[in-house]
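# Coordinate analysis (summary)
Residues per chain, in single letters:
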Amino acid sequence: MADKFDEATQKELAAFVEREQAQARLNATTQNLTSMCWDKCITGTPSTRFSRSEEGCLAYCVERFLDTSLFMVNKIEGKREQARLSS
Amino acid sequence: MSDFLRSTTSGSTDMAARKEALMNSIRSEIALLSVQELMNKGTEKCFAKCVTKPGSSLSNSEQTCLDRCLDRYMDAFTLVSRTYIGRVSKERQEPS
C-alpha cells in the first residue's frame with residue numbers, strides 16, 4: 001500500500017473533489033433540463049439546424065423552469081410563514 | 001484504473017505524480033459518465049422521434065432522422081447549458 005497523501009495534498013484533493021462534484025451536479029441539472037425542454041420545444045422532425053422558434057423555446061424553457069422552481073419555493077415559504085403566525 | 005492506489009514507491013515527487021493521476025482519473029471518469037448520459041438520453045429521444053414504426057431494418061429516412069436528431073440533441077444540451085449557466089451567474093451577481 002502506498003504512503004498516505006500529506007495533509008496539504010489531502011486538503012487540495014478534498015477541494016478538488018468538491019469542485020468536481022459541484023460541476024457534476026450542474027451537469028446533471030443541465031441534462032435534466034435538456035430532456036424536459038427537448039420534449040416541450042422540439043416537436044417536429046429534426047432538420048439540419050434548429051429553427052429560430054425552437055431555439056427561442058429552448059432558452060425560454062430553461063428560464064421559465066427556473067422561475068417556476070423559485071415560485072414554488074416562495075409559495076411553500078409563504079405557507080410556512082402563515083402556519084407560524086396562526087399557531 | 002486504480003494503479004495509482006497500488007503504487008509502492010514513495011517520496012514527494014511520487015506523491016505529486018499520484019495526486020495528478022488521481023485527479024486525472026476522477027476528471028475522465030466524470031467526463032465519461034456525462035457523455036454516456038447524454039448519449040443514452042439522446043438515443044432514447046431520437047428513437048422515439050425517428051423510429052415510430054419499427055420495420056425489419058432501419059430505413060434510409062430513419063437513419064437520416066437519427067443522424068440529424070442526435071446532432072440537434074447535442075445542440076440543445078449546449079444551448080440549455082449556456083442559458084442555465086447565464087442565469088445562475090446573473091443571480092449570483094444580483095440576488096433578488
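The structure presented is a predicted model; accordingly, all values stated were derived computationally and were not measured.

On to the state of the cysteines, then. Under the definition given, this model contains four disulfides over all chains. Paired by a disulfide, Cys41(A) and Cys57(A) hold their sulfur atoms 2.0 Å apart. Where Cys41(A) bonds to Cys57(A) through sulfur, the torsion about that S-S bond is close to -75 degrees, and the disulfide is left-handed. Linking Cys41(A) in helix H1 (residues 7–41) with Cys57(A) in helix H2 (residues 52–86), this pair joins segments that are 16 residues apart in sequence. In this model Cys46(B) forms its disulfide with Cys69(B); the gap between the sulfur atoms is 2.1 Å.

So, about the UniProt feature "domain: Tim10-like" (unreviewed entry) in chain A. Here, UniProt's "domain: Tim10-like" (unreviewed entry) annotation points to residues 16–76 of chain A. Helix and strand shares over residues 16–76 of chain A are 84% and 0% respectively, and the end C-alpha atoms of the span are 35 Å apart.

Formed by 22 residues in total, the largest nonpolar core has its most connected members in Trp38(A), Ile42(A), Phe50(A), Leu58(A) and Val62(A). Among the secondary structure elements, those contributing two or more residues to this core are H1 and H2 of chain A together with helix H2 (12–50) and helix H3 (60–93) of chain B. Broken down by element, the residue count for this core peaks at eight residues, all from H3(B). If near-sequence neighbours (up to four positions away) are discounted, Trp38(A) is found in contact with Phe50(A), Leu58(A), Lys45(B), Lys49(B), Cys69(B), Arg72(B), Tyr73(B) and Ala76(B). The next biggest cluster of nonpolar side chains, apart from the first, holds six residues, and it includes Leu13(A), Phe16(A), Leu22(B) and Met23(B).

Another aspect to go through is H1(A). Taking 1.5 Å of rise per residue, the 35 residues of H1(A) would be expected to cover 51 Å, and the 50 Å separating its terminal C-alpha atoms lies within 8% of that figure. Residues of H1(A) that are buried sit in contact with H2 of chain A together with H2 and H3 of chain B.

Attention now moves to the UniProt feature "domain: Tim10-like" (unreviewed entry) in chain B. On the UniProt side, "domain: Tim10-like" (unreviewed entry) is annotated at positions that read residues 26–85 of chain B here. For residues 26–85 of chain B, the end-to-end C-alpha separation is 23 Å, with 85% helix and 0% strand making up the annotated structure.

When the terminal C-alpha atoms of H2(B) are compared, their 56 Å separation across 39 residues agrees well with the 57 Å that a helix rising 1.5 Å per residue should span. Along H2(B), the positions that sit buried rather than exposed are Asp14(B), Met15(B), Arg18(B), Lys19(B), Leu22(B), Met23(B), Ser25(B), Leu38(B), Gly42(B), Lys45(B), Cys46(B) and Cys50(B).

Conventions adopted
- Residues numbered from 1 in each chain as written.
- Chains lettered and ligands numbered in written order.
- Predicted model: local features only at pLDDT ≥ 70, side-chain atom pairs only at ≥ 80, totals over all residues.
- Heavy atoms only, no water.
- Disulfide = S-S within 2.5 Å.
- Helix = DSSP H or I, 4+ residues; strand = E, 2+ residues; numbered from the N terminus.
- UniProt positions renumbered as here; feature names shortened; annotations may be inferred.
- Core = buried A, V, L, I, M, F, W, Y, C linked by side-chain atoms within 4.5 Å.
- Buried < 20%, exposed > 50% of the residue type's maximum accessible area, 1.4 Å probe, protein only.
- Contact = heavy atoms within 4.5 Å.
- Expected span 1.5 Å × (residues − 1).

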